[in-house]
Amino acid sequence: MPPSRCKFHVRAPFTWIQLLVHPPLVVLAAGLSTRYGRLKQLAPLGPGGEAIMDFNVLDAARAGFGSVTYVVRPGILDDVRNHVEAVIGGTFPTHYVCQELDALPDGFRAPPDRVKPWGTAHAVLCAAAEIDGPFGVCNADDLYGPGAFRLLHEQLVTDPPQADATLVGYKLEKTLSGAGGVARGVCMLAKGDELERVTEVQNIKRSDGWITGHTTDGSPVELTGQEMASMNLWGFTDPVIELMGRQFKRFLEYWGSDTQEECFLSTSVNAQIEIGATRVRVVQAPDTWFGITHAKDSDRSEAILRERVASGAYPRRLADALARLR
């Protein structure tokens with residue numbers, strides 16, 4: 001896959017040893033925010049106009065991550081860059097990669113009427129083309145908590161690695177929205193903490209005392225809420241990414257002419273597990289997750305962030321806190 005034509009912006013060089021100890025974090029910020037109704041990646045939910053992704057960057061930096069790469073659509077690059085400059089400034093090594101529709105393997109072209117990005121697996125591949133070594137991945141619109149990033153960092157820097165990939169998960173019932181359905185990767189664990197299967201389930205919501213949803217092929221699903229849910233907080237090594245690139249090529253062979261199908265991270269990782277190519281360790285986050293899927297989620301998120309800033313869990317100026325870490 002060719003590197004993105006979006007200019008790659010680097011604030012500070014890192015040596016290979018630094019990358020091993022301070023791996024990069026990739027923030028997935030290219031979504032269309034269809035259910036939210038506006039650009040939720042930059043929704044000013046913090047008391048100083050901060051977005052959720054800004055607090056993730058601080059938590060990740062405190063945990064030991066050494067840089068951040070934002071994966072964006074070309075049309076929102078300037079908006080994201082301007083926001084990051086205003087909130088973080090030059091206090092943390094920052095990179096930008098565009099998830100362009102025509103950033104495809106040789107021999108493939110995007111349909112002329114396709115608008116939707118190719119999905120989270122493609123977004124990760126766009127970032128991975130600019131990264132050496134293991135790295136973490138998170139969504140822009142989910143706040144994971146400091147403990148979650150500490151666990152992820154610990155797994156990424158363990159030598160030798162305990163698995164090919166790491167997933168930091170949350171109890172499903174703690175990740176639902178009262179404003180409507182959500183999509184989650186629902187996990188089944190083998191003995192211990194190894195991931196046996198992860199299934200992408202959409203439109204998960206409470207209804208008459210039940211938690212229901214449906215798989216990507218439309219099959220109905222009933223859930224207890226005690227399942228482990230993936231919120232796309234992953235750690236990946238090179239072999240996982242290499243195989244994911246081959247998977248994406250096969251996805252395009254089947255769906256390359258479609259305007260809506262997406263290649264999901266959870267689906268790709270699950271296929272690797274099924275053929276015995278990848279071992280994924282699952283660790284449960286110690287933090288309370290929250291995020292924004294629907295516009296009505298904003299009020300609760302704002303209240304939580306105000307409370308955390310008031311309590312001192314987060315500083316009033318993220319840039320100052322990040323500068324003190326350098």
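Source: prediction; values computed, not measured. (Residues numbered from 1 in each chain as written. Predicted model: local features only at pLDDT ≥ 70, side-chain atom pairs only at ≥ 80, totals over all residues. Heavy atoms only, no water.)

**Q** Any chance you could explain the packing of aromatic side chains here in plain terms?
**A** We describe a pair of aromatic rings using the distance from one ring centre to the other and the angle between the two ring planes. Taken as a whole, this structure holds 10 aromatic pairs when the rule is applied. Seen from their ring centres, W234 and F236 are 5.5 Å apart, and the 20° between their planes marks the pair as stacked. No difference in accessibility class separates W234 from F236, as the two residues are buried. Each ring, one from F248 and one from F251, has its centre 5.9 Å from the other, and the planes form 15°; the classification is stacked. Pair noted here: F248 and F251 are both in helix α6 (residues 238-255), with a separation of 3 residues, about one helical turn. Ring-pair connections join several aromatic residues into one group, and the members of that group are F65, Y144, F149 and Y170. The ring of Y96 is capped by R81, whose NZ or CZ atom sits 4.9 Å from the centre of that ring. The ring of W118 is capped by R114, whose NZ or CZ atom sits 3.9 Å from the centre of that ring. (Phe/Tyr/Trp six-rings, centres within 6.5 Å; stacked < 30°, edge-to-face > 60°. Buried < 20%, exposed > 50% of the residue type's maximum accessible area, 1.4 Å probe, protein only. Helix = DSSP H or I, 4+ residues; strand = E, 2+ residues; numbered from the N terminus. Lys NZ or Arg CZ within 6 Å of the ring centre and 35° of its normal.)

**Q** Just to check I follow, could you spell out the pattern of salt bridges for this structure?
**A** Where charged atoms from two side chains of opposite charge approach closely, those side chains can pair. Per the stated rule, a full pass over the model turns up 6 salt bridges. E194 is the salt-bridge partner of R279, the closest N and O atoms lying 3.5 Å from each other. Here R279 is found in the loop between α7 (265-274) and β12 (280-284), whereas its partner E194 is found in the loop between β7 (182-189) and β8 (195-207), with 85 residues between them in sequence. The partly exposed category is assigned to R279, whose relative accessible area is 41%. A residue is classified by how much of its surface remains accessible, and E194, at 28% relative accessible area, is partly exposed. (Salt bridge = Lys/Arg side-chain N within 4 Å of Asp/Glu carboxyl O.)

**Q** Just to check I follow, could you spell out the pairing of strand β9 (residues 210-215) for this structure?
**A** Along a regular strand, successive side chains alternate from one face of the sheet to the other. Every second residue of β9 is oriented toward a common face, the buried set being I211, G213 and T215 and the non-buried set W210, T212 and H214. Pairing of β8 with β9, which is carried by 5 bridges, proceeds in the antiparallel orientation. Bridging from a neighbouring strand, R206 pairs with I211 of β9. Connecting the antiparallel pair β8 and β9 is a turn made up of 2 residues, with D208 showing a positive phi of about 55°. Of the strand pairs in this sheet, β9 and strand β10 (residues 220-223) are connected by 4 bridges, and their pairing is antiparallel. Bridge pairing in β10 places T212 opposite E222. (Pairing = 2+ DSSP bridges.)

**Q** Help me out: how do you make sense of the nonpolar core in this one?
**A** Burial of nonpolar side chains together is a common tendency in soluble globular proteins. In terms of nonpolar packing, the biggest core is built from 52 residues, with M53, Y70, V80, F149 and L233 touching the most fellow members. If you tally residues by element for this core, the top one is helix α2 (residues 52-63), at 8 residues. Those residues in contact with M53 that sit more than four places away from it in its chain are V27, Q41, L42, Y70, V80, H83, V84 and A140. (Core = buried A, V, L, I, M, F, W, Y, C linked by side-chain atoms within 4.5 Å. Contact = heavy atoms within 4.5 Å.)

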